[in-house]
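One-letter residues, chain by chain:
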Amino acid sequence: MSLATDLPHSKGQTTGGAAKTHGLGTGQPAPRRRTRQRRERLFQWLFLVPAVVYMTLFFGYPVVKNVVMSFQEYTTSTFFTGEAPWVGFANYVTVLSSSLFSTSLLNTVLFTIGSIVGQFVIGLALAIFFQRKFPLNGILRSLLLLPWLLPLIVSSAVWRWILDKDSGALNRFLGDLGIIDTGIPWLTSTSLALIAVVGVNIWIGIPFNMTILYGGLQEIPDELYEAGSLDGATGWKAFRHITWPMLRPVVSVVLVLGVVYTLKVLDIILGLTNGGPANSTQTIATQSYNLSFHEFKFGEGAALGNVLVIISLVFAVLYLRASRRAVDE
């Protein structure tokens, strides 16, 4: 009798306990919890939508439009008629088989390597130098940022005056020191123009490298250097075994961004030499600009621009993979 009456009671307790576990175990009903999660997800999308719309309009659409344009015969008449005949890979064949492409590609490689090496080495040296505390440290670091903050067209105009053969400040300075007798044609000589342009680009890029690398150096704990000094790791040894391994992730970011930025440099070259003399400073970026806005061959200019994008992506992927493999090892 008691067993029969106790069984339903026990069953009811069990069912109630299960209900508590599924519905009230967390202190609030499941529907209310789901409503809160949906509201949070909605707010997340509300914050993401403006960024997605901005990226789509100002980055996604131009990229897609440029790719489509590279497969069309897109000329000035297209703006009036709206007709852009589909030509397939003809634009790519034209620009890649032109005699100027090999010159532009070689100049792009030399310009990029020279600029990156100079900016990185000098930027790293300055970052290490400014780690030391001395009077006016902060003021000097701030002044070194000025080349990076100036508009590129302004910098190129100033440097065009400095490097002028007849009345340039650099030739006057060298002449006063007795180093030269006649003005050096920095921007008009086919053998010196690219070197001069690389030098100007190094000057502009040093502040970026120094700032990022200085921030990376500040994140390295002093305790590592103190422990290393006990084992004799000072000076060059400390840099090799402590600074460089700890700074490698920052170096990867600096080099990838530096290469991608340098590949597309346009303002400086146009302002200094406009790709001359005799195409000695012509790069893929300037050739693409000239095809599009001087010769009005927008399809060929778009094709060459896409080639530059592919080169940048290939370098970034290969370098990041190599850096990740080195870190894993």
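The residue numbering used here restarts from 1 in each chain and proceeds along that chain's sequence as written. At least 70 in pLDDT is required for a residue's local features to be given in this predicted model, at least 80 for side-chain atom pairs to be given and counted, and no such filter applies to totals for whole chains, interfaces and linings, which use all residues. With hydrogens and water excluded, all non-hydrogen atoms of the structure serve as input to the side-chain values.

A word on the overall build of the protein chain. Counting its secondary structure elements, the protein chain contains 15 helices and zero strands. Within the protein chain, the proportion of its 329 residues that are buried is 34%. In the protein chain, the proportion of contacts linking residues at least 24 apart, taken out of those at least 6 apart, comes to 66%. Here the accessible surface of atoms and residues is derived via Shrake-Rupley with a 1.4 Å probe, and residues count as covered only by protein chains that are part of the display. Carbon and sulfur atoms make up 67% of the accessible area of the protein chain, which totals about 20,800 Å². Counting from the N terminus, the helices are the DSSP runs of H or I reaching at least four residues and the strands are the DSSP runs of E reaching at least two. Three labels apply to residues, based on accessible area from a 1.4 Å probe with only protein chains included: buried if under 20% of the type maximum, exposed if over 50%, partly exposed otherwise in between. Only heavy atoms enter the contact rule, under which two residues are in contact if any of them lie within 4.5 Å.

What follows is about the nonpolar core. Considering soluble globular proteins, one finds that nonpolar side chains tend to be buried as a cluster. Among buried residues, the Ala, Val, Leu, Ile, Met, Phe, Trp, Tyr and Cys ones that are joined through side-chain atoms within 4.5 Å form a nonpolar core. In terms of nonpolar packing, the biggest core is built from 29 residues, with Phe120, Leu124, Ala127, Leu213, Leu247, Val251 and Leu304 touching the most fellow members. Where this core is concerned, the elements lending two or more residues are α4 (90–97), α5 (99–129), α10 (193–218), α12 (236–263), α14 (284–293) and α15 (298–328). The element best represented in this core is α12, accounting for eight residues. In this structure, Ala127 is in contact with Met210, Leu213, Tyr214 and Leu217, ignoring residues within four places of it in sequence. Within the second largest apolar cluster, 21 residues are counted, among which are Ile180, Trp186, Leu194 and Ile269.

On to the confidence of the model for the protein chain, then. Residues with a pLDDT of 70 or more make up 90% of the protein chain, whose mean pLDDT is 85. In predicted models, pLDDT denotes the confidence assigned by the predictor to each residue on a 0 to 100 scale. Between residues 1–26, whose pLDDT stays under 50, and residues either more than four places distant or in other chains, the model counts six contacts.

Turning our eyes to something else, we now look at a nonpolar patch on the surface. Together, Trp45, Leu48, Val49, Val52, Val53, Tyr54, Met55, Leu57, Phe58 and Phe59 line one region of the surface with nonpolar side chains, adding up to about 1,000 Å² of accessible area. Inspection of the secondary structure puts Leu57 in helix α2 (residues 30–69). For patches, a residue must show more than 30% relative accessible area and have no salt bridge; joins then use 9 Å for like charges and 5 Å for nonpolar side chains, namely Val, Leu, Ile, Met, Phe, Trp and Tyr. Between Lys or Arg on one side and Asp or Glu on the other, a salt bridge is scored when a side-chain nitrogen of the former is within 4 Å of a carboxyl oxygen of the latter.

Turning to the packing of aromatic side chains, a few remarks are in order. Centre distance within 6.5 Å is the pairing criterion for rings of Phe, Tyr and Trp, where only the six-membered ring of Trp is used; planes under 30 degrees apart are then read as stacked, over 60 as edge-to-face, and the remainder as tilted. Scanning all chains against the criterion turns up 21 aromatic pairs. Seen in terms of ring centroids, Phe315 and Tyr319 are 5.8 Å apart; in terms of plane orientation they differ by 15°. Their pairing is stacked. Of the two residues, Phe315 and Tyr319 both sit in helix α15, four residues apart, roughly one turn of that helix. For Phe315, a relative accessible area of 29% translates into the label partly exposed. We classify Tyr319 as partly exposed; its relative accessible area is 22%. Members of the aromatic cluster, connected to one another through ring pairs, are Tyr74, Phe79, Tyr289, Phe293, Phe296 and Phe298.

This part covers unusual backbone geometry. Backbone torsion omega between Gly276 and Pro277 reads -10°, so that peptide bond is classified as cis. By the secondary structure assignment, Pro277 is in the loop between α13 (267–272) and α14.

Of note, Ser104 is situated in helix α5. Residue Ser104 is classed as buried on the basis of its relative accessible area of 0%. Leave out the neighbours within four places in its chain, and Ser104 touches Gln282, Thr283, Ile284 and Gln287.

A few words on the pattern of salt bridges. Side chains that differ in charge, positive against negative, can pair when their charged atoms come close. One pass over the structure, following the stated rule, counts one salt bridge. For the salt bridge of Lys297 with Glu295, the shortest nitrogen-to-oxygen distance reads 3.6 Å. Classification of Lys297 by relative accessible area gives partly exposed; the value is 38%. Judged by relative accessible area, which is 44%, Glu295 ranks as partly exposed.

It is worth spelling out the environment of Ser155 at this point. With respect to the secondary-structure elements, Ser155 resides in helix α8 (residues 152–162). Non-local contacts of Ser155, meaning those with residues more than four positions away in its chain, are made with Pro147, Leu150, Trp203 and Ile204.

Attention now moves to the packing of α5 against α10. Angular values range over 0 to 180 degrees, each being the angle between N-to-C directions of two axes fitted as lines to C-alpha atoms, with helices fitted over their stretch in contact. It is the contact of α5 with α10, at a shortest axis distance of 6 Å, that shows an interaxial angle of 40°. One finds that α5 runs oblique with respect to α10. Considering only the axes of α5 and α10, their crossing is right-handed. Looking at side-chain class alone, the contact of α5 with α10 contains 17 nonpolar, nine polar and no charged residues. Between 65 and 115 degrees an angle is taken as roughly perpendicular, under 35 as roughly parallel, over 145 as roughly antiparallel, and anywhere else as oblique. By convention, the crossing between two helices is left-handed when the near helix turns anticlockwise from the far helix through less than a right angle, and right-handed when the turn is clockwise. For this scheme, ten residues count as nonpolar: Ala, Val, Leu, Ile, Met, Phe, Trp, Tyr, Cys and Pro. Four count as charged, namely Asp, Glu, Lys and Arg, and the remainder, Gly too, count as polar.

Below, the discussion takes up the packing of α10 against α12. Viewed as axis vectors pointing N to C, α10 and α12 meet at an angle of 150°, and their least axial separation amounts to 10 Å. Classed by the angle they form, the pair α10 and α12 counts as roughly antiparallel. For the element pair α10 and α12, the recorded crossing hand is right-handed. Across from Asn201, Phe208, Asn209, Ile212, Leu213, Gly216 and Leu217 in α10, the residues of α12 making contact are Thr243, Leu247, Val250, Val251, Val254, Leu257 and Thr262. Broken down by class, the residue content of the contact of α10 with α12 amounts to nine nonpolar, five polar and no charged.

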